[in-house]
Amino acid sequence: MSPTEDHTMQPKTSESTKRIPRHEHRVRTVESGEARELVRVVSKRFGVMEPDMAFNRRRRTDTGQCWAPRWLAIEQYGEGRIDTWEQHHRRTYPQNGQIRLGTTTSVRTLAHELGHHLVHLLEPARTPAHGKVWVARFDDAMELIAERLGATIRD
Ligand SMILES: [Zn+2]
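Residues numbered from 1 in each chain as written. Predicted model: local features only at pLDDT ≥ 70, side-chain atom pairs only at ≥ 80, totals over all residues.

Relative to the assigned elements, phenylalanine 46 resides in helix H3 (residues 32–46). Taking the C-beta count within 10 Å as the criterion, phenylalanine 46 has 16 such neighbours and is therefore assigned partly exposed. Not counting residues within four places of it along the chain, the set of residues in contact with phenylalanine 46 comprises Leu118 and Leu122. (Helix = DSSP H or I, 4+ residues; strand = E, 2+ residues; numbered from the N terminus. Buried ≥ 20, exposed ≤ 12 C-beta atoms within 10 Å, placed from the backbone. Contact = placed C-beta atoms within 7 Å.)

Leu38, Leu110, Ala111, Leu114, Ala141 and Ile145 are the most contacted members of the largest nonpolar core, which totals 20 residues. Looking at this core, the elements with two or more residues in it are H3, strand S3 (65–67), strand S4 (98–102), helix H6 (107–122) and helix H7 (132–149). Considering every element that reaches this core, the biggest residue donor is H6, with six residues. Beyond its immediate chain neighbours, meaning those up to four positions away, leucine 38 contacts Val30, Leu110, Ile145 and Arg148. (Core = buried A, V, L, I, M, F, W, Y, C linked by C-beta atoms within 7 Å.)

Below, the discussion takes up the sheet that holds S4. Backbone hydrogen bonds are what pair the strands of a sheet, in a parallel or an antiparallel way. Ordered in space as S2-S4-S3, the three strands form an open sheet in which the pairing is mixed. Strands with a single pairing partner mark the edges of an open sheet, and in this sheet they are strand S2 (52–56) and S3. Averaged over neighbouring strand pairs, the angle between their axes works out to 20° when direction is ignored. Relative to S4, S2 is paired through five bridges, and the arrangement is parallel. From the neighbouring strand, alanine 54 faces S4, where its bridge partner is arginine 100. Most of the contacts of H6 go to S4, to which it runs at about 170°, and overall it touches S3 and S4. (Pairing = 2+ DSSP bridges. Axes fitted to C-alpha atoms, helices over the stretch in contact; angles between N-to-C directions.)

Here H7 is 18 residues long and its end C-alpha atoms lie 25 Å apart, about the 26 Å a rise of 1.5 Å per residue gives. Among the residues making up H7, those that are buried are Arg137, Phe138, Ala141, Met142 and Ile145. Seen along its axis, H7 keeps its buried residues to an arc of 140°; they face one direction. Residues of H7 that are exposed and point more than 90 degrees away from the buried face comprise Lys132 and Val135. For H7, the elements touching its buried residues are H3 and H6. (Expected span 1.5 Å × (residues − 1). Arc of directions from axis to C-beta.)

Rendered as structure tokens:
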């Protein structure tokens, strides 16, 4: 069988052509500067304070953290524990919350943490961390990020 014939034998399903951009989007990464800019855009669009950002070059692209704003942390843990934390670390707990990421981070991770930030600032205090409300906020963040990055498919 010639290579040409072999090629024509390939199944041409729309599924296999769609899978490629989806996959690319899922693993797409951004550097700290771009991540910071995307956080700014999403915060502004939803009218919430920007979180403090912390980047670590040793953190994996698929892991992140989102800290609640200081007032919410006090509501959740009590003022005593936040005072103790501040004395121990000799700095104030992040006023508007904090997102911690790797220097290079996947777009999915960024949207994940932004979802938490939006829940912290826009939803009731005891909203479950990874529940339905958070999924909706994750989608909100991902949609804006995809729009900004020019991606047509979100995941
Ligand atoms: Zn999470």
